[in-house]
Amino acid sequence: MTNTGFVFDVLIPVGKIVAVILYPMLMTIVMIWLERRVVALMQKRLGPNRVGFQGILQPFADAFKLFLKEDIMQDQADPLLFKVAPVLVMFSSLLAFCFVPLGEPIRIGTYQLTLWIAQSPVGLLLVLGLSSISVFGVIFGGWASNSKYPLMGALRSVVQILSYEIPIGLTVLSVVFFARSIDLVEIVNHQSQAKIWFGFMLPVSFVVFWISAIAETNRAPFDLPEAESELVAGYHTEYSGMKFAFFYIAEYAHMVLVSSLVVIMFFGGWLAPFPNVPAFAFLKVIPGFVWYLVKIMFFLYLYVWIRATLPRYRFDELIRLAWKWLIPLALLNFLVVALIRYIL
Amino acid sequence: MGPQHPSTHGVLRLKVSVDNELVLKIEPVVGYLHRGMEKLWESLTYAQVVPMTDRLDYIAAVSNNLAFVLAVEKLMGLEIPKRAQYIRVILAEIQRLASHLAWLGFMANDIGAISVLLFGFEDREDFLDILEIYAGGRLTVHGLRIGGVPYDLDEALIALIRKSLDDLPKKIKDIETLLTKNRIWRHRTEGIGLISAAEAIEYGLTGPALRASGVAWDIRKDIPYSSYQDFDFEVPVLRGGDVYDRYLVRLEEIRQSTRIIRQALDKLPAGEIMAKVPRVLKIPAGEVFHSIEAPKGELGFYVRSNGTDKPERVKMKSPSFINLQSLPLMCRGNLFSDIVGILGSLDIVLGEIDK
Amino acid sequence: MNKVSRFLKTFFLVDILRGLAVTMRFYFGRKITIQYPEEVQPSPERFKGILRLYKDENGKPLCIACKACRRACGTNCFDIEGVRDPGTRTMRPVKYDWKLDRCTFCGLCVEACPTTPKSIRFSEEFRMATADKSRLHFHLEDMYLKGKDLQKFFQGGSKT
C-alpha cells in the first residue's frame, strides 16, 4: 500500500468525520452568538460585546460554564432514558450531516475530494428520517424527567412533529418531481443544469417548507415544546450541565441542517447566484463552499429575525395551521407541480 | 404552576388541573410575598406609611401614595392647593403610562413576543426618568406627601414631560404594528379569557379589565378626586371581555393619559404646593374609605384613626387581589397556554396581592 | 372586495412582513444600551443615593444630634447620642449609627433635618455592594466617607 493510498483511504475519511462532528458544533457557536447579537440589536440593545471581539467568545464562555456545571439527575427520573435522550438527539442531528453536501467536489491531482461523507441515492429521505429521530430523544427526555413541564413539552413536540412532517414531505416531493432524484447532490446538479433554482420555480413549496421547517426545529413562533413563559423550558427543564448542552447543540445543529436542506433543495446549494447573467460570471470564482455558507447564514439569520418579531402560536392553532392551511396548500401545490411535470 | 415560574409575575402559585392541554380547574394560591404591611402600618406614623405604600404595587408607586394620602386628607378635612392637585394628577398619570407600558411588555413576553418586552420597558424608561428627576426614585418614588407634593415642577421638567409625551405615539405605533394586527397575537388574545359584564360586576373586577367587558366605570370620571373633573378625557369601553379587548383598552388609556397630562400642564395654576400641615400629624378620630382609579383598577384605603399620630387600622382594597379571583372563571375551557395570557391581561402585581 | 383584500392580506402574510420590517428598522436604529462601567448615566439633582452626613464649609459637622431623623424614620435606621459641646453650647453627636440594610431611601430623615444646609442628605453614590454584611452598619465617622473612601469601606478597608 502506498503512502498516498493511506492518506486517501484512511486519513481523509477520518478527517471528514471529524469535520462533520466539528462543523455543527462550530455553527452552533456562531449561531448562539448571532442569535444573541441580532436579537439584541433588534431590541435596541447591544447584546454581549465584552468577551472577545464583539462578544464572539461569549458562546465559548457559556459552553465552558455548562461543561463545569454539576450534572443533576433528580431521583424520580428514569435513569436509562434520561441519559439516552440527549445522546439520541445529538446523534441523529450529527448523523444527518453525513449526507449533506457542503460544496462541489474539489480535484486534487487525480483524487476527487468530495465535500460530503456519503452520497446516497436516497440522501434526502435519509436526512429527513434522521432528523425526525431526534423527536424520540425529546419524548424520552420529557418522559424520563418524570415532571410536569417536560412531559407537556414532550407531548406537544410529538403532535407538532407529526403534523408538520406531512407538509414537509409533500413539498419535498414537488422538488423531487423536478429533480427526478432524491439524491441531494443530484438535486443541486439538476439546478445547475436547469440554470434556475427551485425556490424561484416553486415559491409555494419553498414557503410551506420553510414554515414547516421552523415548526420542526421547535423555533419561534412555533417553539411550543420549550415555550419559556408557559413550560419554563419544556422538555429539557430538568436537564443541566453537559446533557443540557447536548440538547442545546442539537437544537442549533438541527436548525443548521434544515437551513442546509432549504439551500440545497430550493436555492442551489453551493451554486453561485445569477448563472444566466454573464455580468455576474465573476461570482463563480468564489468557491462553492463559501456560497453555501453565505446562503445558510441567511436562513439562520431569518430564523433569528422571525424569533425577534413574532409572538408564539398556541397549541391548537399550530395544529390548525398545519392541517387547514399548510397541508391543503402543499397538496394543491403538489398536484399542480405533478400536472406541469406530466405535460412537460 | 409556580411559585417559581417565569410568567406568574412574582411568586404566585396556581394549582392547575389539566386534561392534556385543556384547563379543568385552576386555583390561585397567594401569600408567598406577604409582609404584614397592614399590621406594620399600625406602628408607624401617617407620614411614615406613605413611603411604605410604594412597596405595594411597585409598578405604580405614585398611585398607591395618592390613594393613601387622599384617604388621610379626607379624614383630616384638608383642602389641598390647586397646583398640588394638578401636579398629583400629572404624576399619577405618568405613573399610569409607566405601569401600562410595563404591562404591555410583560404581556407580550407571556405570549412570546420577546422584543416587545424590551420596547415596552424602553418606553417606560422615559417616564421613570421623569419620576426620578422629580422625586429621586424610579420605582419606589415616594412622590407625594400628606398635604400636597414635596417638590414643584420646574420648566425643564415640564419640557421633558412634553417631549416624552410627543415621542410616545410613534413608539406605541411600532408596538401596535408588531401586535395589534399580527395574526398570531390576535389568535392568542381574541375570544380568550372571556368574562361577561354581569360576571365581571359579580366578581368585583375593576379597572381596564372591567371596562373591556363593557362596563363604563372609571372612578376618575364617576367620583372625581384630585381635580380630575377639570380635565377632558374619555374612558375607553369595549364589549368583548377578552384578552384582546383588555389590551386595546389599555392602549387607549395610554393615549387618554397623555391627553390628561397635556391638559394639566397647560392649565397648571400658580400657588402653593403644600397645605398647612403640622409637623407631628395627629389625625382626628374617625374612619374613612377613599378609592382612586389606579392603573390596575380601583385602589382603596380604609383608615381608622383614634386621634393619635398613628393609624389604628388600615385596610387596603387592592385591585390585583380582587382581579385575580376572576382568573379561574376566565380560564374555564381555555388551554394551558392561555393561562399565562389571561393572567398577563389581568395585570397583577404580587406586592399588591400579598401586601 | 373587502373580504378578498383581507384574504389576500392574510395569505401573503402582510401583517407578519410588516412586523418583520419594524424589527429590521430597529436593527439598524439607534441603540439605547449604556455601557455601564465606561459610561455612567448622570444622576438627577434629587437622586437618592446612599445617605451621608455633611460638614459645613469650615469642615465642622452640621449635625446637632437633635434626633429628628431618628423620629422621622419609619424603619429604625438610626441610633444617635449627642453631648453638649461645652465651648459652643451646641449639641454634637458622639454616636451616630445608621443601618444601610434597613434604609428604604424614602427621604423622611432628610426632610426632617432642621439644620441649614441639611446635615443628612442623599449623595449620588449608588454603588453599595459589599461582601461583608457588617459593612452595612455605619458609625459616626463612616457617615462622612464618600467616593473612593466609601468604596474602600465597603470592600473591607479601615473600619472604625
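Because the structure is predicted, anything quoted here is derived from the model rather than measured.

Novice: Hey, could you go over the sheet that holds strand β3 (residues 91-99) of chain C for me, with residue numbers and the actual values?
Specialist: Spatial strand order, β2-β3-β5 (chain C): 3 strands in an open sheet with antiparallel pairing. This sheet does not close on itself; its edge strands, each paired only once, are β2 (78-84) and β5 (137-138) of chain C.

Novice: A description of the environment of C:F153 should follow, citing residues and the corresponding values.
Specialist: Residue position: C:F153 is located in helix α5 (residues 147-154). Expressed as a C-alpha distance, the spacing of C:F153 and C:F138, which sit 15 residues apart in the sequence, is 9.8 Å.

Novice: Before we move on, can you summarise helix α8 (residues 203-216) of chain A with the specific residues and values?
Specialist: Residues and elements named next belong to chain A. With 14 residues, α8 ought to run about 20 Å at 1.5 Å a step, and its terminal C-alpha atoms sit 19 Å apart, in line with that. Counted residue by residue, α8 has 11 buried out of 14 residues, so it is predominantly covered. For α8, the elements touching its buried residues are α4 (123-144), α5 (148-179), α10 (241-266), α11 (288-309) and α12 (315-343). At the C-terminal side of α8, N218 shows a positive phi close to 55°.

Novice: How would you summarise the domain arrangement of chain C if you had to cite specific residues and measurements?
Specialist: Often, the extent of an interface is quoted as the loss of accessible area on bringing the components together. By domain assignment, chain C separates into domain 1 (1-32) and domain 2 (51-154). Here the C-alpha centre of domain 2 of chain C lies 57 Å away from the C-alpha centre of domain 1 of chain C.

Novice: Mind laying out the side chain of B:N65, listing which residues take part and the relevant values?
Specialist: Within the fold, B:N65 resides in helix α3 (residues 61-76). Those residues in contact with B:N65 that sit more than four places away from it in its chain are B:V50, B:T53, B:D54, B:H142, B:G143 and B:L144.

Novice: Can you lay out a nonpolar patch on the surface for me, pointing to particular residues and giving the numbers?
Specialist: Residue and element names in this part refer to chain A. Together, V51, F53, I56, L57 and F60 make up an exposed nonpolar region whose accessible area comes to about 470 Å². Relative to the elements of secondary structure, V51 occurs in the loop between α1 (3-42) and α2 (58-68). The class of V51 is partly exposed, set by a relative accessible area of 30%.

Novice: Just give me the short version of the pairing of strand β4 (residues 297-305) of chain B, but keep the residues and values in it.
Specialist: Residues and elements named next belong to chain B. Counting buried positions along β4 yields 7 of 9 residues, so the element is predominantly enclosed. Here strand β3 (residues 286-294) pairs with β4 via 9 bridges, running antiparallel. Following the sheet pairing, V288 is matched in β4 by V303. The turn linking β3 back onto β4 is made up of 2 residues. In textbook terms, the turn of a hairpin is the stretch between consecutive antiparallel strands, and for β4 and strand β5 (residues 311-317) this stretch comprises 5 residues, one of which, G307, has a positive phi near 90°.

Quick notes on the rules
- Residues numbered from 1 in each chain as written.
- Chains lettered and ligands numbered in written order.
- Predicted model: local features only at pLDDT ≥ 70, side-chain atom pairs only at ≥ 80, totals over all residues.
- Heavy atoms only, no water.
- Pairing = 2+ DSSP bridges.
- Helix = DSSP H or I, 4+ residues; strand = E, 2+ residues; numbered from the N terminus.
- Expected span 1.5 Å × (residues − 1).
- Buried < 20%, exposed > 50% of the residue type's maximum accessible area, 1.4 Å probe, protein only.
- Contact = heavy atoms within 4.5 Å.
- Domains from an automatic or database assignment.
- Patch = residues over 30% accessible without salt bridge, like charges linked within 9 Å, V, L, I, M, F, W, Y side chains within 5 Å.
- Areas by Shrake-Rupley, 256 points an atom, 1.4 Å probe, with all protein chains shown as cover.
- Salt bridge = Lys/Arg side-chain N within 4 Å of Asp/Glu carboxyl O.

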